[in-house]
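Notes for the structure review
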Amino acid sequence: HILGDDVAALEPHYNNAAYFGTAGTRNQKLFEWQDDIYLPNEDMYEVEGMYRRIYTANKIIDEVPEAKGDNELLKKQYQSEAKAQRAFAYFILVNYFGKPYVASTAQTALAVPLILKNDFERKDFTRASIQQVYDQIIKDLDEAIPNLPLVQTTANRFTKAAAEALLGKVYLFMARPADALPQLKNAIEHLPTAFSTGGVFSWVNYNTATISN
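Rules behind the numbers
Residues numbered from 1 in each chain as written. Predicted model: local features only at pLDDT ≥ 70, side-chain atom pairs only at ≥ 80, totals over all residues. Heavy atoms only, no water. Core = buried A, V, L, I, M, F, W, Y, C linked by side-chain atoms within 4.5 Å. Buried < 20%, exposed > 50% of the residue type's maximum accessible area, 1.4 Å probe, protein only. Helix = DSSP H or I, 4+ residues; strand = E, 2+ residues; numbered from the N terminus. Contact = heavy atoms within 4.5 Å. Salt bridge = Lys/Arg side-chain N within 4 Å of Asp/Glu carboxyl O. Axes fitted to C-alpha atoms, helices over the stretch in contact; angles between N-to-C directions. Parallel < 35°, antiparallel > 145°, perpendicular 65-115°, else oblique. Left-handed = near helix turned anticlockwise from the far one by under 90°. Nonpolar A, V, L, I, M, F, W, Y, C, P; charged D, E, K, R; others polar.

What about the nonpolar core?
By size, the foremost hydrophobic cluster in this structure holds 35 residues, and its most contacted members are Tyr90, Ile130, Val133, Tyr134, Ile137, Leu141 and Val170. Of all the elements in the fold, those that place two or more residues in this core are α2 (45-63), α3 (72-97), α4 (130-144) and α5 (160-173). Ignoring any residue separated from it by four or fewer positions in sequence, one finds Tyr90 in contact with Tyr51, Ile54, Val112, Pro113, Leu114, Ile115, Leu116, Val133 and Ile137.

Okay, structure coming up:
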């Protein structure tokens, strides 16, 4: 019996572009654990997607203070949301392209370029160390958390609890549980008391469920 996401491995899903992919595409190559995922003429989604997020975050961080209007608290909130988004992107990237964090090697082991300013003329991108990337992640989250709201209007924007939970996870990845614990406790304490959801939700009975187009 096939359960859950494993239905993607069955036809008509597996070779249907609307559901999973077609032969030779990224999704299928990843699913099959192939060595070469991308063709030479393709952009790498794992890089492109995260650095697009970083570009947007950098623009907000740099330009919001000069925006029109005198609501300084709101400006700080938007800046903080952008810093949390940047921290999240670098946390994904450092774990995609760097080795697991080990304190004795993090200073020399390489991860990804740290881009903290949007400069279209810059060409000298070099890989930062794993330690440098983690330090920047912690710095961004430490600066963001005090100005983040307890409740947001959409699930795509950072609340205080979300940033605290992310920081706790970062410390756990660094094998620093004593630093992670207060952040995770804060995250639980600051969880919104009510959530809004959309869409259709229902239980799936896997005893009777079938694959359909």
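Some details on the pattern of salt bridges
The tally for this structure, following the rule as stated, stands at eleven salt bridges. The residue Lys59 makes a salt bridge to Glu63 at a minimum N-O spacing of 3.0 Å. Here the residue Lys59 and the residue Glu63 both occupy positions in helix α2, the gap between them amounting to four residues, near one helical turn. For Lys83, the salt bridge identified is with Glu143, shortest N-O distance 2.7 Å.

A short note on the packing of α3 against α5
Look at α3 against α5: their axes get within 11 Å of each other, and the N-to-C directions meet at 25°. As far as their axial angle goes, α5 and α3 are roughly parallel. Between α3 and α5 lies a crossing of left-handed hand. Contacts between α3 and α5 involve Ala84, Phe88, Phe91 and Asn95 on the former and, on the latter, Leu166, Lys169, Val170 and Phe173. For the contact of α3 with α5, the class distribution of residues is six nonpolar, one polar and one charged.

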